[in-house]
Every structure is written in C-alpha cells, then in structure tokens.
Amino acid sequence: MDGSSRSETVAETRAASVMLAIAARGHGGDVAAVSPRPRPRHARAALVGFPLDDAWIHLVYARGLVTEGGFHYNPGVPEAGMTSPLWVVLLARCSRSCVASARPRWWWGQSRCRSRAVSRGHRARVAPGEVARARRDGVRPRRPAVRHRSLRSPFSRAAGMEVPLFVALVLATLLAAVRGRWLRAGIVQGLAIVARPEGVLLVPFVVFLLARSASPRTPRRMALAAACALAPALLYSGFCLHATGAPLPDTFYAKFHAGNPLSVETLVKGWSDYVHGNLPYFTLEIGTLLLLIGTVDVVRRAGVAGAATLGAFLALFVGTLASRDFGAGHYHYWERWLIPSFPGLLIAMASGLGVLCSGREALRWLMPEKDRRRGAKGAAGEAPAAPAKPSRAGIALAVVAGVLLLAAWPRTLIDRAHMFAWNCQNIDEVDVALRRWVDANLPKDAVIAVNDAGALRCFGRRVTIDLVGLNDHRIRRALAEHRGLQLLSDSHVGWLVIFPSWFPELVAMLGVEPVHESTLAALHRERRGART
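Residues numbered from 1 in each chain as written. Predicted model: local features only at pLDDT ≥ 70, side-chain atom pairs only at ≥ 80, totals over all residues. Heavy atoms only, no water.

A look at the overall build of the protein chain
Looking only at helices and strands, one finds 22 helices and nine strands in the protein chain. Within the protein chain, the proportion of its 532 residues that are buried is 50%. Summarising the internal contacts of the protein chain: among those between residues at least 6 apart in sequence, 73% fall at separations of at least 24. Approximately 26,500 Å² of the protein chain is accessible, and the part contributed by carbon and sulfur atoms is 60%. (Helix = DSSP H or I, 4+ residues; strand = E, 2+ residues; numbered from the N terminus. Buried < 20%, exposed > 50% of the residue type's maximum accessible area, 1.4 Å probe, protein only. Contact = heavy atoms within 4.5 Å. Areas by Shrake-Rupley, 256 points an atom, 1.4 Å probe, with all protein chains shown as cover.)

Quick word on a nonpolar patch on the surface
Among the surface-exposed residues, L183, I187, L191 and L224 lie close enough to one another that they form a single nonpolar patch of about 310 Å² accessible area. If one sorts the elements of the nonpolar patch by residue count, helix 8 (residues 182-195) sits on top with three residues. With respect to the element layout, L183 can be found in helix 8. (Patch = residues over 30% accessible without salt bridge, like charges linked within 9 Å, V, L, I, M, F, W, Y side chains within 5 Å. Salt bridge = Lys/Arg side-chain N within 4 Å of Asp/Glu carboxyl O.)

Some thoughts on the nonpolar core
One finds W56 and Y281 to be the most contacted residues of the largest nonpolar core, which totals 98 residues. If you tally residues by element for this core, the top one is helix 13 (residues 286-323), at 14 residues. (Core = buried A, V, L, I, M, F, W, Y, C linked by side-chain atoms within 4.5 Å.)

With respect to the sheet that holds strand 5 (residues 447-450)
The strand order across the open sheet built from three strands is 6-5-7, with neighbouring strands paired in parallel fashion. For this open sheet the edge positions go to strand 6 (463-466) and strand 7 (495-497), each flanked by a neighbour on one side alone. Across the sheet, the mean angle separating the axes of adjacent strands is 30° when strand polarity is ignored. (Pairing = 2+ DSSP bridges. Axes fitted to C-alpha atoms, helices over the stretch in contact; angles between N-to-C directions.)

Concerning the packing of aromatic side chains
Within the structure shown, the criterion is met by 15 aromatic pairs. With centroids separated by 4.6 Å and ring planes inclined at 85°, the aromatic side chains of F50 and W56 adopt a geometry described as edge-to-face. Seen in terms of ring centroids, F326 and W334 are 5.3 Å apart; in terms of plane orientation they differ by 40°. Their pairing is tilted. For the pair F326 and W334, a shared accessibility class is recorded, and that class is buried. Across the ring face of W337, the terminal group of R324 is positioned such that the distance to the ring centre comes to 4.1 Å. If you follow R336 out to its NZ or CZ, it ends over the ring of Y333, 4.7 Å from the centre. (Phe/Tyr/Trp six-rings, centres within 6.5 Å; stacked < 30°, edge-to-face > 60°. Lys NZ or Arg CZ within 6 Å of the ring centre and 35° of its normal.)

Concerning the environment of P75
Looking at where P75 falls in the secondary structure, it is placed in the loop between helix 3 (53-67) and helix 4 (85-100). Given a relative accessible area of 49%, P75 falls into the partly exposed group. The residues contacting P75, other than those within four sequence positions of it, are E68 and R457.

Here's the deal with the pattern of salt bridges
Under the defined criterion, the tally for this structure stands at 14 salt bridges. The partner of E198 in a salt bridge is R196, and the shortest N-O contact between them spans 2.9 Å. Overall, the relative accessible area of 6% leaves E198 in the buried class. Between R462 and D439 there is a salt bridge, with the nearest N and O atoms lying 3.3 Å from each other. A residue pair is termed long-range when its members are at least 10 positions apart, and R462 in the loop between helix 19 (455-460) and strand 6 and D439 in helix 18 (residues 409-441) qualify at 23 residues. When its relative accessible area of 2% is taken as the criterion, R462 is described as buried.

Describing the pairing of strand 5
Residues of strand 5 alternate between two faces, with V447 and A449 on one and I448 and V450 on the opposite face, all of them buried. Note that strand 5 and strand 6 share four bridges and pair parallel. Residue pairing for strand 6: V450 is matched across the bridge by D466. Read as a crossover between parallel neighbours, the route from strand 5 over helix 19 to strand 6 is right-handed. (Right-handed = clockwise from strand over helix to strand, strands pointing away.)

Section: the side chain of H58
Inspection of the secondary structure assignment puts H58 in helix 3. Side-chain polar atoms of H58 contact the backbone nitrogen of S84, separated by 3.4 Å. Setting aside residues up to four positions removed in sequence, H58 forms contacts with M82, T83, S84, W87, V88, L91, M161 and E162. (Polar contact = N/O pair within 3.5 Å; in protein donor to acceptor, adjacent residues only side chain to side chain.)

Here we look at the confidence of the model for the protein chain
Segments scoring low in pLDDT should not have their predicted coordinates read at a detailed level. Summarising the model, the protein chain shows a mean pLDDT of 76, and 71% of its residues fall at 70 or more. The element-level mean pLDDT for the protein chain is lowest in strand 2 (residues 117-120), coming to 30, with helix 8 highest at 96. The low-confidence segment residues 98-132 (pLDDT under 50) makes 65 contacts with residues lying over four places distant or belonging to another chain. Counting contacts from residues 139-159, a segment whose pLDDT is below 50, to residues more than four positions away or on other chains yields 72 contacts. (pLDDT = per-residue confidence, 0-100.)

Topic: helix 8
Taking 1.5 Å of rise per residue, 14 residues should cover 20 Å, and helix 8 covers 20 Å from first to last C-alpha, within 8% of that figure. For helix 8, the tally of buried residues reaches 10 of 14 residues, placing the bulk of the element in the interior. For helix 8, the complete set of buried residues consists of W182, A185, G186, V188, Q189, G190, A192, I193, V194 and A195. (Expected span 1.5 Å × (residues − 1).)

What to know about helix 18
Residue pairs spaced three or four apart in an α-helix point in one direction, given the helix's 3.6 residues per turn. Helix length check: helix 18, at 33 residues, gives a terminal C-alpha distance of 46 Å against a target of 48 Å (1.5 Å per residue), a fit within 8%. A maximum bend of about 35° is found in helix 18 at D428. (Bend = angle between axes of the 7 residues up to and from the residue.)

Notes on the packing of helix 15 (residues 342-357) against helix 17 (residues 392-406)
Orientation of helix 15 relative to helix 17, taken along the N-to-C sense of each, is 150°, at an axis distance of 7 Å. As summarised for this structure, helix 15 and helix 17 are arranged roughly antiparallel, according to the angle between their axes. Two secondary-structure elements touch here, helix 15 through M349, L353, L356 and C357 and helix 17 through G394, I395, L397, A398, A401, G402 and L405. (Parallel < 35°, antiparallel > 145°, perpendicular 65-115°, else oblique.)

Brief notes about the environment of V497
Mapped onto the secondary structure, V497 falls in strand 7. In sequence terms V497 and N451 are 46 residues apart; their C-alpha atoms lie 7.2 Å from each other.

Observations regarding unusual backbone geometry
Positioned with a positive phi, L284 is a non-glycine residue whose angle comes to about 55°. Along the chain, L284 turns up in the loop between helix 12 (264-276) and helix 13. If you check the backbone angles, H492 has positive phi at about 60° while not being a glycine. Checked against the element boundaries, H492 lands in the loop between helix 21 (484-490) and strand 7. In this structure H492 comes out as exposed when scored by relative accessible area, which is 64%.

As for the packing of helix 7 (residues 163-178) against helix 9 (residues 203-212)
Between helix 7 and helix 9, whose axes approach to 7 Å, the crossing angle comes to 25°. Taken as axis vectors, helix 7 and helix 9 run roughly parallel relative to one another. Across from T173, L174, A176, A177 and V178 in helix 7, the residues of helix 9 making contact are V206, L209 and L210. Its residues assigned to classes, the contact of helix 7 with helix 9 shows seven nonpolar, one polar and no charged. (Nonpolar A, V, L, I, M, F, W, Y, C, P; charged D, E, K, R; others polar.)

Here is the structure:
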C-alpha cells in the first residue's frame, strides 16, 4: 500500500469510526421505548412483567445455570433452546450477584431478602452486625434465609431480551473494524455471534474493513483475531452437539425460514411494515430524504469504509428478513429481530442533517463534476474537496428538518408505552396466571406439555415438554418420525397447558376435557385464550 492510498484509507477510517461512535452514543430510542407513564390500569404489569414469553425462557436457562451449573430447561437435562446464550450468561451473573448479596437489590425488581446476609455458592453467612447483636443478647446467630422471588431484571424487562446487548456489540464490532483493531474486533465479533445468530452476517464486512485498514497486518494478529471470533460459536455448537445431537440450537430448526433475500415482496413488506410504517422518522418523508442524502454523504466522506459500514447494517436487515417468515403489520415479536439494523438508518440520517447544515455549497459538493468519480481523488492528484462550513441558512434548514424528523416522537413514545403495558398484562393474564394455577393445583411430580414454554416452566415448577420444540429437541425428531403421541406417553405427560386452537388434532385424538381456563380480560389487537 503506497503512502497516498494509506492516507486515504486513514481518512475513510476516521470518518466511518466517528459516524459509528455517534450512533453508539445516540442509539437507544429504537431499542426500547421508555414512556413517561403507562396506563395506570396496567402500570404494575409494565413494571414487573415481560411483553414476550420468550423472555421467561431465557430466565429459565439463567436459573439452571445458577442452580445447576448448566444450560438446563428441565432439571438436570441439558438443552439448547435459548436464542442468546450470552444473554443467559449475563442474566445468570446478575442473578448470582443478587442471591449472593442483599446490597445490589436494584438489579432485580422483585428480589427480597429476609435478612441481611452474604452467601457464597451454597453457603450463607450472617452479617457481622447480626453476629455482634446475637452475642450481646446471648443467643446463637441464626443462619439467614435468602429468598429470591423473581429473576426479573429492569434491563431485561425494558428490552424484552437481548436486543440492546446485540445492538451494542454490532456497533462495537464495526467501530473496532474500521479503526483496524484486529484483536478487539475479533473478540466483539465472537460475542455478537452468541448474542444473536445474525451476528454471522457481519463477518465478511468486518474482514473487509480490517483488511482495508491502515493497521499493520501480521499472521499472528490475524490468527488470534480469527480464533477469538470463532471460539464462542464453536463452543456453543459443541454444547449443542452434546445436548441435542445437532450442531445448531433448537431455535434454529424451529424458527428458521429459508427465504429469498432478493424477494421484492419480502423487502417491501419489511420496509413498509417495520421501518417506514413503524419508526417515527418519516413525517412528510423527511426521513427518506435525509436517508438518501446522508447515504451519498457517507460514501463520499468515508469512501469504501463508509459503504461497507452501511452495507453491514443493510445485510443485517435483508438477511434477517430472509431467515424468518415475518407477519404483515408491526409487532414487537418480529420487530425485535430487525432493530439491530436500525442504527444504519440513524447514521445516514445524521449525516444528511450535517449536509443540510452546510447549505448549497454542501449540496454542490454532494454532486461533483461528471469527470470526477465518486469517492476518488480529483484531477492531477488533488485531494477531494472538504465539506463546506455551516451557514446560517443551512443551520435553519437543518433545524426545520430535525423538528420534522422528531415531530412524531412524543406520540410514538406514549403509544409504545401503552402497547408495552398491554402486552405485559396479556402475558400475565394468560401465561403467568396459568403457572400460578399449575403450581397450586397439580401434583409436584406432574409432567405437563405446553406451547408457551417460558413462564409456565419458570414458575410452574413441573417437568415441562415444549410442544413447539424450542426447548425439547426430542419433539422435532418425534414429529419427523410420526411418533409424537408415543413421546408424550413415554414422557408420562398427564396435563396439557395449550391454546386449543393451535393443536386441534392433538386435542381431538387425546379426547381431553378442559379443567381450567385463562382468558385475556382486555382485548388488544387480538383475543387469545388458553386452557388446561
């Protein structure tokens, strides 16, 4: 690489890294909508509940990791049903901290300790103050009883799971790549893959950005970075082979949909339902205009590094759309998988606002002469023209555009807060209510079969068979071999906790009769009922 091309690469790297750093600081509104006040009627559900049953599944595995030392869905049985093993590990670490000490109780919304105690592993020690008081009163210190009532953490409630973690890892990976930090990029890339499987889509872009960076490349550095990027995924794949006999987790086989990434219908549905019709940036199409202007500006300023950075977010969006059968309309269940691609929109829109700030001169710089190739040097070896300085008219135009860009935010935040509260209440009214009934009425050794496998297993405290196959690899194989009923019989399933409309043939074949029913008290989008 000669000196001129190296300096050009350094300039592109700096421009791209600054944009990613801004996105890392500014992104957050799209991860979890935080409301000033949810509806009073549903305030408690919003504060202590989850909007998705999948969040409870992660807590089941976190509890198994803390209490049994492994990824266990049912006691002592290894299983690979969590979408994000890294998120489970973090939840388990927080849970262990909460059980270990009464001090960090702010981590957990419903944690209560009956006495001030510090425990390590299975031990528990009385706090020094209680020892002194007991000796003074002439009584023997009592072993403290620590009660951990819930594993619900504020950040997991707000996120609905691992979405903010994966967004942060995506931004950190690309930022390290454009700056030429080989080892750091490898480590964060490896963590991103086990935070969400879509992290593998970043690999070619990260390799390309590292190869173009001005950072020196040595075989040792590249091998170490590759090992750090591959090790977490290989370890998790090895665990999946051990637990289920398959190299990928149960969620892949249950949810993966091999779609065409170039399907116009799929792309239009993703853009119209989950971006343009969902995010509050498109009042009077100002978001679309800034997106187009900003994309050109990013490519002009950061060159190939900028194009590769935006391309990584585009690959996340398109690849995720093609990997699942998305439903029409806007639902958080589907939207959470697309959220990690949204920072690319924010980077382009922020760059577009910067262009408007500079006024007409910046617009002329955006559209150079025909004899200049985009992103290349000018004639006779001249450096590309620098962006124009802000002008008063440009600043006024950018302010107007910014106001329009954020005009829909207040109403959107309130609507999202109401939606969040309703969803949490719906989960409480069906899944959590059923788990209370199961825990109170069924024998302790009962085996239940369910279709929502989170809250019912987390608090039902019974051996649970997941009929969807997310948390029981035997179901998938049994259905493929047409011996599903035999598996239920061999597992001694005595109770079904299901939505009957999901399994009409199973209900008809078994001839079961409902003994308990839980139905939504309020209608929100759709009414669902569950029977036992």
